[in-house]
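# Notes for the structure review
Next come the chains, spelled out residue by residue.
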Amino acid sequence: MKLLILNGPNLNMLGIREPGIYGVETYQTLVEKIERHAKELGVEVRCAQTNHEGVLVDEIQAAYGVMDGIVINPGAYTHTSIAILDAVKAVGIPTVEVHISAVEKREDFRQVSYIRAACVATITGHGTDGYLEAMELLVARLGGEEAAR
Ligand code: DQA
């Protein structure tokens, strides 16, 4: 089983950006944490981060036929990007939306998520552990699908 873990704009600034909201852990530490958890779960992961909307779309399209699940934190593109929503719909890969912060308790403009309509689940406000929970959720779901085949 292969999972794509995608992070959008400013998530490379973890540890520096607004630590009161996003914590002190760096992006590199997050990647290491994800890779360690992938080993524990017995899955392969590809971690990617970009500040560019089109590159997120490219990554999602490239996952078609290659990846079994996607964990995505689109950052601010969550609240603006129909292109990312369409990409997830186009590939039809089970996708979990993750936010480090509790977006539902923040500004009004963070209350809209375009991508949510194409996701099997959304995890918010669990810090970086949310990524690990999303991986577990996909493994449970995809494992179940495999067993049913
Ligand atoms: C975020 C929440 C978004 O509103 C924000 O633009 C981010 C990070 C989160 O992980 O909590 O960049 O997706």
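Check the entry above for the structure.
Given the structure is predicted, the values throughout are model-derived calculations rather than measurements.

## Quick look at the side chain of Arg110
By the secondary structure assignment, Arg110 is in the loop between strand S4 (95-99) and strand S5 (121-124). Among the residues examined, Arg110 registers a relative accessible area of 17% and is labelled buried. A polar side-chain atom of Arg110 sits 2.6 Å from a polar atom in the side chain of Glu107. Excluding residues within four positions of it along the chain, Arg110 makes contact with Tyr22, His79 and Val103.

## Looking at the environment of Ala118
Among the secondary structure elements, Ala118 is positioned in the loop between S4 and S5. When the C-alpha positions of Ala118 and Pro94 are compared, they lie 8.5 Å apart, and in sequence the two are 24 residues distant. Ignoring any residue separated from it by four or fewer positions in sequence, one finds Ala118 in contact with Leu85, Val88 and Lys89.

## Things to note about the side chain of Thr78
With respect to the helices and strands, the residue Thr78 is situated in the loop between strand S3 (69-73) and helix H4 (82-91). Of the residues examined, Thr78 reaches a relative accessible area of 1% and is grouped as buried. Look past the residues within four positions of Thr78 in its chain and what remains in contact with it is Glu97, His99, Val112, Ser113, Tyr114 and Ile115.

## Some remarks on the packing of helix H3 (residues 53-62) against H4
In contact at an axis separation of 9 Å, H3 and H4 are set at 5° when each is read in the N-to-C sense. In terms of orientation, H3 lies roughly parallel with respect to H4. Residues Glu53, Leu56, Val57, Ile60 and Gln61 of H3 form the contact with H4, whose own contacting residues are Ala83, Ile84, Ala87, Val88 and Val91. Residues that form the contact of H3 with H4 fall into these classes: eight nonpolar, one polar and one charged.

## Structural notes on the layout of surface pockets
Empty space within the largest pocket amounts to approximately 160 Å³. In terms of lining, the largest pocket is formed by 15 residues, of which the most central are Arg17, Tyr22, Gly75, Ala76 and Arg110. Looking at the lining of the largest pocket residue by residue, the classes come out as six nonpolar, six polar and three charged.

Rules used throughout
- Residues numbered from 1 in each chain as written.
- Predicted model: local features only at pLDDT ≥ 70, side-chain atom pairs only at ≥ 80, totals over all residues.
- Heavy atoms only, no water.
- Helix = DSSP H or I, 4+ residues; strand = E, 2+ residues; numbered from the N terminus.
- Buried < 20%, exposed > 50% of the residue type's maximum accessible area, 1.4 Å probe, protein only.
- Polar contact = N/O pair within 3.5 Å; in protein donor to acceptor, adjacent residues only side chain to side chain.
- Contact = heavy atoms within 4.5 Å.
- Axes fitted to C-alpha atoms, helices over the stretch in contact; angles between N-to-C directions.
- Parallel < 35°, antiparallel > 145°, perpendicular 65-115°, else oblique.
- Nonpolar A, V, L, I, M, F, W, Y, C, P; charged D, E, K, R; others polar.
- 1 Å grid on protein atoms, 1.4 Å probe; cavity = no way out; pocket = protein on both sides within 12 Å on 5 of 7 lines; lining within 4 Å.
- Points joined across faces, edges and corners; volume = space filled by probe spheres on them.

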